[in-house]
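Here's the letter readout for the chains.
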Amino acid sequence: MVIRAPKGVADILPPESERWRHAQQTAIDLCRAYDYREIILPVIEYTELFNRGIGQETDIVQKEMFTFEDKGGRSLTLRPEATAGVVRAFIQNHMEKGGLPIKLYYRGPMFRRERPQAGRYRQFQQLGVELIGSALPLADAEVIILCARFFCALGITTELVINSVGDDKCRPGYIEAIRNYLEDNSAELCEDCRRRTRENPLRVLDCKVPGCKEALLGAPDIQAYLCDECRDHFRQVEETLEAAEVYPKRDSRLVRGIDYYTRTVFEFATPALGAQNSLSAGGRYDTLIEELGGKPTPATGFSIGMERVMLADPRLPEQRDFGIYVMAIGDEARKPAFMLAQSLRDKGFSADLDLMDRSPKAQMREADRMGFQLAAIIGKDEMAGGYVALRDMKSGAQENIQVAELEGEIRRRHSAGGLGI
RNA sequence: GUGGGAGUAGCUCAGCUGGCAGAGCACCGGGUUGUGGCCCCGGAGGUCGCGGGUUCAAGUCCCGUCUCUCACCCCA
């Protein structure tokens, strides 16, 4: 048997990889516009970071982490998400000393040991931002707007769902209320939800079992339990979003599967995807930094699942660079052709030539197939005359250009044709 | 962890009640002593996922196993 990639991981080949690059570049350009800077983090962390950061009761920690021991017997884990690592780096490097807020973006692979399916992989790429230090509703709004603009830039239609899960002051009261309600109605709940009633009652709100949905119709609404500060914060977030023409749908049953969220939580979803329809999600985490040993510091952020973005719109462009294919006619032209391609590359053009000893006809077919815009043809006559035949692959028009004038001619055609370099 | 579907050429798939392994696309070459797309001709490419069983004979039937895939759980 040939060796296969491990379960749930994927190779991204050209031209698919070019679509990825486009989407990633779009996100990076937006991050820079909003003044976020890249943080490059390790993919392994000590396991305890995730146990404490994500929450011992979450599915991620309980059953989805790739965990192993190093030689010293210390437990390491492949990161299942990035926020805990960003916060660890923020604390460890005393980043608050440089002045708040700190605005960071990251990208890279995350790892969760789940059964793969459409839009869900064991290694998957996330791109996310963290805005650390600001407690203002404007901060929540900023990251949500940034995320909304990203989907907008790619032409992907999404639905934004938003909620507030309260803070340390008001959430305990709500959890108490929902737990009481669930206990009173436990006869109608599925087995999982009875367990969740004890361990993490908020998660029952997410249950899709029809009986549970019905049983929840009369459940207490978190909106009614928010303290004045949380209610005001939430209202201001919504107002700011609307001012930026981002229109969230409020859903008081939206709870995320990670324990660190406080106040604002949100999710961008798309109907185009199947079961895993969440393209990105995030929220505020005002207590996480303190819980991981830092000074109390408010923060907010989100993460985008790039595989799902790529699935959501397969029409994202896969453009090849402006390129010149150098054709050699006859063996004695091979080396001059090679040197011409080399000199074009040194001048910053994208150039290629035949490395398979093909016939002139086959070289031309290759230039066409690979989508080159120009072909520079060298044969006996051209070598003798010090020129090349420059062919426009689209029109087929061909004219002789002195080698000394080639660079200028290519640039002229490039700017006239509006082709991307 | 649980359930459904599927494994035949690089890709998408056909292959009937068991009887010589196929098509389209893609790839390579030729039709043009130095020129692409359309068209025509030719070529290469397969352990029919793997292992066992039934049979004169298995891609086809039976058993096992692996992988992929979709869904549940959960999440990006």
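This text goes with the structure placed above it.
Numbering of residues starts from 1 in every chain and runs along the sequence as written. Both sets of labels track the order of writing: A upward for chains, 1 upward for ligands. It should be noted that, the model being predicted, local features are given only for residues of pLDDT at least 70 and side-chain atom pairs only at 80 or more, the latter also being counted only at that level, while totals for whole chains, interfaces and linings use all residues. Derived side-chain values reflect all non-hydrogen atoms in the structure, with water molecules and hydrogen atoms excluded from consideration.

### Observations regarding the packing of aromatic side chains
Stated precisely, the cut-off is as follows: Pairing of aromatic rings covers Phe, Tyr and Trp, the last counted by its six-membered ring, and requires centre-to-centre distances within 6.5 Å; plane angles under 30 degrees mean stacked, over 60 mean edge-to-face, and any other angle means tilted. A run of H or I in DSSP counts as a helix once it spans at least four residues, and a run of E counts as a strand once it spans at least two, with each numbered from the N terminus. Think of it in three bands: residues with accessible area under 20% of the maximum for their type are buried, residues over 50% are exposed, and the middle band is partly exposed, with areas taken using a 1.4 Å probe on protein chains only. Consider the ring centre and the ring normal. A charge sits over the ring if Lys NZ or Arg CZ is within 6 Å of that centre and within 35 degrees of that normal.
Overall, the coordinates contain eight aromatic pairs when judged by the stated rule. With a centroid separation of 6.4 Å and 65 degrees between ring planes, the pair formed by Phe-266 and Phe-302 is classed as edge-to-face. Here the residue Phe-266 occupies a position in strand 9 (residues 262–269), and Phe-302 occupies one in strand 11 (residues 299–305), the gap between them amounting to 36 residues. An identical accessibility class is assigned to Phe-266 and Phe-302; each is buried. Put simply, the rings of Phe-150, Phe-151, Phe-266, Phe-268 and Phe-302 pair up and form one aromatic cluster. Taking NZ or CZ as reference, Arg-74 lies 3.5 Å from the ring centre of Tyr-46, over its face.

### What about the side chain of Ser-280?
Heads up, the rule is: Working rule for contacts: check all heavy atoms of both residues, and any pair within 4.5 Å makes them a contact.
Residue placement: Ser-280 occurs in strand 10 (residues 278–284). Residue classification places Ser-280 among the buried positions, given a relative accessible area of 2%. Once residues lying within four places of it in the same chain are set aside, the contact partners of Ser-280 are Cys-147, Phe-151, Glu-267, Phe-268, Ser-303 and Ile-304.

### Some details on helix 9 (residues 228–243)
Counted only if it meets this: Here, expected helix span is obtained from the residue count minus one, scaled by 1.5 Å. Arc definition: directions from the helix axis to the C-beta atoms.
The first and last C-alpha atoms of helix 9 sit 22 Å apart over 16 residues, in line with the 22 Å expected at 1.5 Å per residue. For helix 9, the full list of buried residues reads Cys-230, His-233, Phe-234, Val-237, Glu-238 and Leu-241. Projected down its long axis, helix 9 carries its buried residues within an arc of 130 degrees, all on one side. Every exposed residue of helix 9 that faces more than 90 degrees away from the buried side is listed here: Asp-228 and Ala-243. The elements touched by buried residues of helix 9 are helix 5 (137–154), strand 7 (159–164), strand 8 (249–250), strand 9 and strand 10. One or two steps after helix 9, the chain reaches Glu-245, where phi turns positive at roughly 60 degrees.

### Details of helix 12 (residues 334–346)
Relative to the 18 Å expected for 13 residues at 1.5 Å per residue, helix 12 spans 18 Å between its end C-alpha atoms, a close match to the ideal helical length. What helix 12 keeps buried is the set Ala-337, Leu-340, Ala-341 and Leu-344. All buried residues of helix 12 lie within an arc of 100 degrees about the axis, which places them on one face of the element. Exposed residues pointing more than 90 degrees away from the buried face of helix 12 are listed as Lys-335 and Asp-346. At the exit of helix 12 stands Gly-348, carrying a positive phi of roughly 100 degrees.

### Describing the pattern of salt bridges
Note the cut-off: Salt bridge, as used here, is a side-chain nitrogen of Lys or Arg placed within 4 Å of a carboxyl oxygen of Asp or Glu.
Enumeration over the complete set of coordinates arrives at 25 salt bridges. Measuring nitrogen to oxygen at the nearest pair gives 2.7 Å for the salt bridge that ties Glu-16 to Arg-19. Of the two residues, Glu-16 and Arg-19 both sit in helix 1 (residues 16–33), three residues apart, roughly one turn of that helix. Among the salt bridges present, the one from Arg-107 reaches Glu-38, with a minimum N-O distance of 3.1 Å. Taken as a pair, Arg-107 in strand 5 (residues 102–111) and Glu-38 in strand 1 (residues 37–38) lie far apart in primary sequence, 69 residues in all. Given a relative accessible area of 37%, Arg-107 falls into the partly exposed group. The exposure class assigned to Glu-38 is partly exposed, which follows from its relative accessible area of 32%.

### Observations concerning the pairing of strand 4 (residues 75–78)
Our working rule: At least two DSSP bridges between two strands are needed for those strands to be called paired.
Where strand 2 (residues 44–46) and strand 4 come together, three bridges link them in antiparallel fashion. The partner of Tyr-46 across the bridge, within strand 4, is Leu-76. Both strand 3 (residues 67–69) and strand 4 contribute to a ladder of three bridges, which runs antiparallel. Bridge assignment links Glu-69 to a residue of strand 4, and that residue is Ser-75.

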